[in-house]
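Descriptive structure summary
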Amino acid sequence: MICGVVCADEYGAVGDGVTDDSNALLAALATGNSMALSTGKTYLVSKSLILNQAYYTGQPGKPQHLYGHGATLKRAAQFSTTFTTTITAGVTKQITVADASGFEVGQSICILNGSTYDNVTGNNVITEISGNLITFASTFGISASGTTSAYLSFYLLQLFDGCTVRDLEIDGNASNYTFNRWEVTIDIYSRGYNNVVQTCFIHDSPGDAIQEGQTELASSNPVDSGNRYIHNKICNINGNGIHFSGSISPLVEGNHIENTNLQGAVVGHSGGNICFSAFIRDARIINNYLGAGVSGVGLFQTANSIGTLIRGNIIRNSTTSAFLALGGSAPNAVFGVMIKENFIYDCSNMNLTWTNSPLSLYSGSGNTTSGSHYISSFSMPAGLSLTTLIGLSISGSGIPAGSITIGANLAGTQITIGDRGFRPVNATATASGVSLTLAGTYPTNIMIDGNYIFNTPCQINSAYNLNITNNIFDLHVSNAANALAFGGIGSSTDTSLSNVVIAGNQFTNGSVGINFGPLGAINPPYVNNIAIRSNLFYNQTSRCVYMDAIINGGVVDVIDNILNPAVGSGIYAMSLSTANARVQDNHVSMTGGTAGIALFDSAMFVEGNKIDVGTSTYSIIIESGTSNNVVVNNKLSMALTNNGSGSTTTPNY
């Protein structure tokens with residue numbers, strides 16, 4: 001032993017890749033010292049290796065470190081058998097199996113009955129084997145009868161509180177695993193504070209490569225975990241590359257994560273190269289290469305996912321979405337996400353789609369008469385606080401028809417009722433018994449800035465305080481998708497966008513540059529305070545800007561943009577079907593197509609635009625069925641065409 005570090009070989013580890021070295025490695029760790037492996041050796045493991053074992057058992061411990069020195073830990077092949085012992089959940093601890101020869105004391109198994117596996121107890125540790133009778137440390141978590149399968153299943157490494165794993169190769173031996181749910185076949189399970197996994201090579205994991213599972217932190221006042229995953233290579237993973245759940249201030253930096261989610265739903269929780277679950281706060285995803293997963297960073301959506309920085313990453317060939325944000329049941333508080341200076345290319349899309357599925361009914365009582373825009377008391381589920389409710393969609397009895405939202409004025413137990421534009425409305429109800437259906441909270445304070453997004457369409461359905469600035473959206477010339485689309489995505493019919501700034505971006509190629517609809521959407525989005533400013537559009541084959549949205553409070557401005565679409569029939573620089581929008585100081589240049597600016601709605605204000613079009617193209621056309629538009633002081637190469645009524649169209653030049 002040198003300076004508190006023991007050599008595994010001194011405790012009987014062979015390292016030939018054939019001999020099971022589990023007991024020797026556990027003996028070395030049982031000294032309480034850190035452990036070093038020998039360069040070039042492969043240590044076969046069939047039991048979970050726990051760093052800081054004392055902490056795991058509830059005793060005072062100290063951090064242990066594993067120094068790989070380029071050695072390999074290889075997961076032993078999965079042994080399985082069957083049994084017919086009837087199991088009662090919470091009672092049964094013994095089973096008689098058909099063949100126990102492949103198991104030994106200290107290993108763990110997970111059971112599978114039909115399609116039901118034990119995700120309650122999970123990996124149950126064997127304490128005794130007598131013939132084919134096996135006794136376990138814990139009762140099973142499911143009830144089962146008939147033929148049930150038992151599989152060798154374990155976490156290869158578990159880290160508790162201040163442990164480090166460095167310069168280690170982990171071979172997950174995935175090809176020799178047939179049962180590999182993510183909950184029970186993790187290669188590195190980080191379960192304490194201030195753990196570090198650095199310069200490791202993890203490959204062929206049967207489930208997730210790394211999971212941080214701080215379920216004890218899933219509370220309203222979590223404590224920082226501060227775990228770090230730095231400069232690792234993670235590839236060919238059946239599950240997620242790195243999976244966070246109940247994680248506070250994790251750092252993922254400089255990793256190469258590629259070819260993950262190879263078995264998709266078979267493993268379960270298929271989120272991406274990096275996958276978020278619930279209660280993720282202050283995560284930093286920086287300077288990684290994220291390739292060929294379901295997503296680069298996925299599922300950052302559920303309860304109290306707050307303060308995520310995704311910066312400087314290369315995200316390539318995501319099969320579902322570069323960023324996969326799919327909301328679930330309420331309450332979902334996605335608050336403060338910054339997606340900045342990433343290179344995103346050749347992904348299926350960049351889909352920031354938060355759904356708003358209902359949770360259940362809650363009853364309010366009190367002052368909900370006309371003119372009093374609040375409910376004075378409200379029955380809330382456990383874990384739901386007023387501070388997470390801004391933007392929450394609600395509907396129910398005793399309040400105006402249609403979807404409405406909870407406003408921002410939350411004082412004490414008072415809940416302000418507002419419409420999609422976040423304005424108070426006159427709520428009318430009896431003095432008690434108001435029923436409300438809660439749905440997912442819209443994401444709040446989202447910034448997408450300075451990214452290069454190549455050949456990857458971007459889709460967003462709902463957001464509150466969204467900034468999209470200084471990005472390059474560059475679709476391949478043959479890609480007919482929308483570069484940036486809002487509203488009505490997939491099966492979502494409830495879309496609301498409030499306080500959105502789209503500024504300083506460049507949009508090249510594709511069908512539509514910015515599409516508030518989108519074309520063919522289920523429903524147009526409800527919008528409030530939308531600013532589209534100082535963007536450059538080039539070579540769109542349908543429209544540079546398409547606006548088919550319902551203004552529900554606030555304003556929509558399209559100002560100071562440069563628009564140069566492709567040449568062809570049916571092409572517009574701007575097509576606007578949004579009443580009360582303002583279109584000002586834009587420069588349109590197109591040699592062919594249908595129109596520079598087309599107005600398909602009423603009460604719009606169009607001023608100070610310079611529109612240069614070919615001789616067969618309308619500069620500005622006001623379509624029939626519209627009224628009260630104001631179109632003045634524009635510099636037009638071709639005369640304005642007015643098919644509407646009651647509009648002001650002079651002077652123009």
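To be clear, the structure that these remarks concern was listed above.
Here the residue index of a chain counts from 1 through its sequence in written order. Under the rules for a predicted model, residues below a pLDDT of 70 receive no local features and side-chain atom pairs below 80 are neither given nor counted, while totals for whole chains, interfaces and linings still include all residues. Derived side-chain values reflect all non-hydrogen atoms in the structure, with water molecules and hydrogen atoms excluded from consideration.

On to the overall build of the chain. Numbering of helices and strands runs from the N terminus, with a helix taken as a DSSP run of H or I at least four residues long and a strand as a DSSP run of E at least two residues long. Looking only at helices and strands, the chain has 2 helices and 68 strands in total. Expressed as a percentage of the 653 residues in the chain, the buried residues total 57%. Residue contacts follow a heavy-atom distance rule, with two residues in contact if any of their heavy atoms lie within 4.5 Å. Across the chain, the fraction of contacts at a sequence separation of at least 24, relative to all contacts at a separation of at least 6, is 70%. Buried residues are those whose accessible area, probed at 1.4 Å on protein chains only, stays under 20% of the maximum for their type, while exposed residues exceed 50% and partly exposed ones sit between those limits.

Next up on the list: unusual backbone geometry. In this chain, Thr650 is followed by Pro651 through a cis amide linkage whose omega measures 0°. Turning to its location among the elements, Pro651 is positioned in the segment after strand 68 (641–642). Non-glycine residue Asp346 carries a positive phi angle of around 55°. Here Asp346 is to be found in the loop between strand 35 (343–345) and strand 36 (350–353). The partly exposed category is assigned to Asp346, whose relative accessible area is 30%.

Okay, the pattern of salt bridges next. Here a salt bridge means any side-chain nitrogen of Lys or Arg lying within 4 Å of a carboxyl oxygen belonging to Asp or Glu. Summed over all chains, the structure comprises 9 salt bridges. A salt bridge links Glu183 to Arg181; the nearest nitrogen and oxygen atoms lie 3.2 Å apart. Look at Arg181 and you get buried, because its relative accessible area is 17%. Two residues, Asp557 and Arg582, come together in a salt bridge whose shortest N-O distance is 2.6 Å. Here Arg582 lies in strand 60 (residues 581–584) and Asp557 lies in strand 57 (residues 556–559), a separation of 25 residues in the sequence.

Before going further, it helps to examine the nonpolar core. Definition used in this section: a nonpolar core is a set of buried Ala, Val, Leu, Ile, Met, Phe, Trp, Tyr and Cys residues joined via side-chain atoms within 4.5 Å. Membership of the largest hydrophobic core comes to 121 residues, with the highest contact counts inside it found for Leu73 and Phe516. Broken down by element, the residue count for this core peaks at 4 residues, all from helix 1 (residues 22–29). Filtering out sequence-adjacent residues up to four positions away, Phe516 remains in contact with Phe486, Leu497, Ile502, Pro525, Val527, Ile530, Ile532, Tyr546, Met547, Asp548 and Ala549. Judged by nonpolar contacts, the second largest core, of 6 residues, contains Leu112, Tyr151, Phe179 and Val184.

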